[in-house]
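# Structure at a glance
What follows is the residue order along each chain.
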Amino acid sequence: TALRHGLLSRGQRSFWARFLKRAYQWYAASTTPSGKMLNYGDGSIEDARGVFAAAGALFPELKKKPGLLGVDRSKSNILRPSGYAFMRSGDHSDAPFMSINFGGWGGWHTHADLLDFTLWAYGRPLIEEVGRFGSYDNPIGGLFTDEQSHNQITLAFQHMSRKNHQGHDVLWHSDPTSDFFSAWHEAYNGVRIHRQIVFVKPVYWVIYDVVTSGEYIFKAVS
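A short tour of the structure in this document, coming up. These numbers come from a predicted model, not from an experiment.

Conventions and cut-offs
- Residues numbered from 1 in each chain as written.
- Predicted model: local features only at pLDDT ≥ 70, side-chain atom pairs only at ≥ 80, totals over all residues.
- Heavy atoms only, no water.
- Helix = DSSP H or I, 4+ residues; strand = E, 2+ residues; numbered from the N terminus.
- Rg over C-alpha atoms; globule rule 2.2 N^0.38 Å.
- Buried < 20%, exposed > 50% of the residue type's maximum accessible area, 1.4 Å probe, protein only.
- Contact = heavy atoms within 4.5 Å.
- Areas by Shrake-Rupley, 256 points an atom, 1.4 Å probe, with all protein chains shown as cover.
- Lys, Arg positive; Asp, Glu negative; His and termini not counted.
- Charge placed at Lys NZ, Arg CZ, Asp CG, Glu CD.
- Pairing = 2+ DSSP bridges.
- Axes fitted to C-alpha atoms, helices over the stretch in contact; angles between N-to-C directions.

When helices and strands are counted, the protein shows four helices and twelve strands. The C-alpha radius of gyration of the protein comes to 19 Å, within 12% of the 17 Å expected for a compact globule of 222 residues. Once the C-alpha set of the protein is aligned to its principal axes, its extents read approximately 60 × 40 × 30 Å. Residues counted as buried form 41% of the 222 residues belonging to the protein. Contacts in the protein between residues at least 24 apart in sequence constitute 49% of all its contacts with a sequence separation of at least 6. For the protein, the exposed area adds up to about 12500 Å²; of that, 58% sits on carbon and sulfur atoms. In the protein, which carries 23 positive and 20 negative side-chain charges, the distance between the mean positions of the two groups comes to 12 Å.

This is the structure in structure tokens:
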């Protein structure tokens, strides 16, 4: 709208062009191999083709780059500024895919989730999270944002202090045979959650969690 009314300077046009390109490329990196946008925060599972078509219409130069809008979706990658990592093995629609959230609080659409993940294969969700259904006056809307609605360690009778916490000491390694992710948080009072994820491509994941509270240590492998 601002462009059409001539309200942006050359510098402003350049800034917003870079801003929007990064946003479109984030969606190219974060969608499943079958092209689905996931339940990030208050989102829902949606077809991303309209987003990619809009990106191509606004920035034709992105369509000329290799991959999807310049993003190689056959390889795993980590987008540290947004706090997400994506494990992949190929770009065909049935390829396995994992999204991991380790970022900071992103405003009021952020759910009580940290070091949580989603897992897709064969073009379908195998382990998915609750996003949001319907409008914000939904009588069970609070359940959508709760810790129990996300694939993470939860503690009975304790709520996560999400606003002031994120993943720490984030370690990431990716090569053609495997991916490795590791981070911890202390969003539960007096408790440290440490999660490590290994993806042995393209067959299976191993998830190793350690919960430490004072002198007590609990471990779980899945």
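There's more to say after this.
With antiparallel pairing, five strands are arranged side by side in an open sheet as S3-S4-S5-S6-S7. Looking along the sheet, the strands with just one partner apiece sit at the ends: strand S3 (77-79) and strand S7 (124-127). Adjacent strand axes in the sheet meet at a mean angle of 20° when their direction is disregarded. Inspection of the sheet shows S3 paired to strand S4 (residues 84-88) by three bridges, in the antiparallel sense. Bridging from a neighbouring strand, Leu 79 pairs with Tyr 84 of S4. Each of S3, S4 and strand S5 (97-101) is contacted by helix H1 (residues 10-30), which is oriented at about 45° to S4, the strand it contacts most.

Along strand S12 (residues 216-221), only zero of the six residues are buried, which leaves the element largely exposed. The sheet contact formed by strand S11 (residues 204-213) and S12 spans six bridges and is antiparallel. Residue pairing across strands places Asp 209 opposite Ala 220, the latter belonging to S12. Where S11 folds back onto S12 in an antiparallel hairpin, the turn is made up of two residues, including Gly 214, whose phi is positive at roughly 60°.

Right, let's get into the sheet that holds strand S9 (residues 178-185). Strand-to-strand pairing in sheets goes through backbone hydrogen bonds, with the strands running parallel or antiparallel. In spatial order, the strands read S8-S9-S10-S11-S12; together these five strands make up an open sheet with antiparallel pairing. Pairing within the sheet leaves two strands with one partner each, and these edge strands are strand S8 (168-174) and S12. Going from strand to strand, the sheet's axes swing by 10° on average, the running direction of each strand aside. Two strands pair when backbone bridges link them, and S8 and S9 are joined in this way by five bridges, in the antiparallel orientation. In the strand pairing of S9, Ser 174 is matched with Asp 179.

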